[in-house]
Amino acid sequence: MSLVFAPSRLTGLRAAATASTHLGLLSHATRISSRRLHVHVPSALETPNASPTPSAPPLSGPHPKLTPDPNVDPFRTSPSAPTATTTASGAAPKAAERKRYVPLRPVYSKEELDAITVTHRPLQGFADRIAYSLVRVMRFAFDTTTNYSDTTGKMTEKQWLTRIVFLETVAGVPDEAQNERMHLLSFLKVKQPSIPFRAMVLLGQGVFFNLFFASYLLSPRTCHRFVGYLEESAVHTYTSCLRDIEAGQIKHWATTPAPEIAVEYWQLGEKATLRDMVAAVRADEAEHRDVNHTLAGLKPDDPNPF
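Every value quoted in this text rests on a predicted model; they were computed, and no experiment measured them.

**Some words on the pattern of salt bridges**
Where charged atoms of side chains with opposite charge meet at close range, the side chains can pair.
And step 1. Using the criterion set out here, one finds seven salt bridges in the structure.
And step 2. With its nearest N and O atoms 2.8 Å apart, the salt bridge here joins D128 to R121.
And step 3. Each of the salt bridges in this network shares a partner with another, and the network as a whole consists of R121, D128 and R225.

Shown next, in the form of structure tokens:
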């Protein structure tokens, strides 16, 4: 039995074969070309005389201490740390000997920590009065719930931790959420709260987040002013806490080691204590206070000062 193809069918088969051949040659040529055009560019590490790339300058702000370098020297001197993941004996290295992988965070000198003071911005206009009144209402609720007192020596360690955790629960929602979250996580390491307490933290953040989100859609400037006054209250609280560490019921915080998460985040040094951590948190709150009061005073066409 013989097979007979029409001329048009044979022409189509020849065209398909020709196209397939051309595509194969083109693909082969492309592979050859790509291999020939591949040029190895040596990196700075491979070039003996190459100069190192300069590091990026530190970011600026009201407290120009933000730095992209995760291993910048802290104000407390600590030995230079190798980046190895294990020691010579095979054991895991200490916290100060591990390379730290943490987000941008503030690193303060001892002088800067000691220079933080309690301030208050005078009320100017109706929006300021609304923001300040809301903070006062929240402050009254916090004071009543945690049995807070400014009198030195009256509050116990449990009362201090409860108040601080609730304060950082609310403060963790607005603009500086990443930094405030580290405050909350650090104090949670100290308090070791129960599951019901953690549930209350989540509930508080959920309620406040939605209220703040809706308010920000209506008036961003009023919300920034609110956060500014809220941070004023936070600086006041941590200043009272530092006084209690000096002469109150929590004197042992001056010698109690700070949690590892706080030591790595603020680079406090191996011998850092809870007092050092409280001082660093207070400095953060002072920066948030200044930033939000500045943003609340901007006009729509003003440049971003940060």
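**Considerations on helix 7 (residues 220-247)**
Within an α-helix, residues lying three or four positions from one another point in the same direction, as the helix has 3.6 residues per turn.
And step 1. Under the 1.5 Å per step criterion, the end-to-end length of helix 7 is 41 Å for 28 residues, consistent within 8% with the ideal 40 Å.
And step 2. With 22 of its 28 residues buried, helix 7 lies for the most part within the structure.

**Regarding helix 6 (residues 195-218)**
And step 1. Relative to the 34 Å expected for 24 residues at 1.5 Å per residue, helix 6 spans 35 Å between its end C-alpha atoms, a close match to the ideal helical length.
And step 2. Those residues of helix 6 that fall on the buried side of the exposure criterion are F197, V201, F208 and F212.
And step 3. Buried-residue contacts for helix 6 involve helix 3 (126-146), helix 4 (157-171), helix 5 (177-191) and helix 7.

**What about the packing of helix 7 against helix 9 (residues 274-296)?**
And step 1. Two elements in contact, helix 7 and helix 9, have axes whose closest approach is 8 Å; the angle formed by their N-to-C orientations is 160 degrees. Comparing their axes, helix 9 and helix 7 come out roughly antiparallel. Judged by the sense of rotation from one axis to the other, the crossing of helix 7 with helix 9 is left-handed.
And step 2. Of the residues belonging to the contact of helix 7 with helix 9, the class tally is 14 nonpolar, six polar and nine charged.

Conventions we followed
- Residues numbered from 1 in each chain as written.
- Predicted model: local features only at pLDDT ≥ 70, side-chain atom pairs only at ≥ 80, totals over all residues.
- Heavy atoms only, no water.
- Salt bridge = Lys/Arg side-chain N within 4 Å of Asp/Glu carboxyl O.
- Helix = DSSP H or I, 4+ residues; strand = E, 2+ residues; numbered from the N terminus.
- Expected span 1.5 Å × (residues − 1).
- Buried < 20%, exposed > 50% of the residue type's maximum accessible area, 1.4 Å probe, protein only.
- Contact = heavy atoms within 4.5 Å.
- Axes fitted to C-alpha atoms, helices over the stretch in contact; angles between N-to-C directions.
- Parallel < 35°, antiparallel > 145°, perpendicular 65-115°, else oblique.
- Left-handed = near helix turned anticlockwise from the far one by under 90°.
- Nonpolar A, V, L, I, M, F, W, Y, C, P; charged D, E, K, R; others polar.

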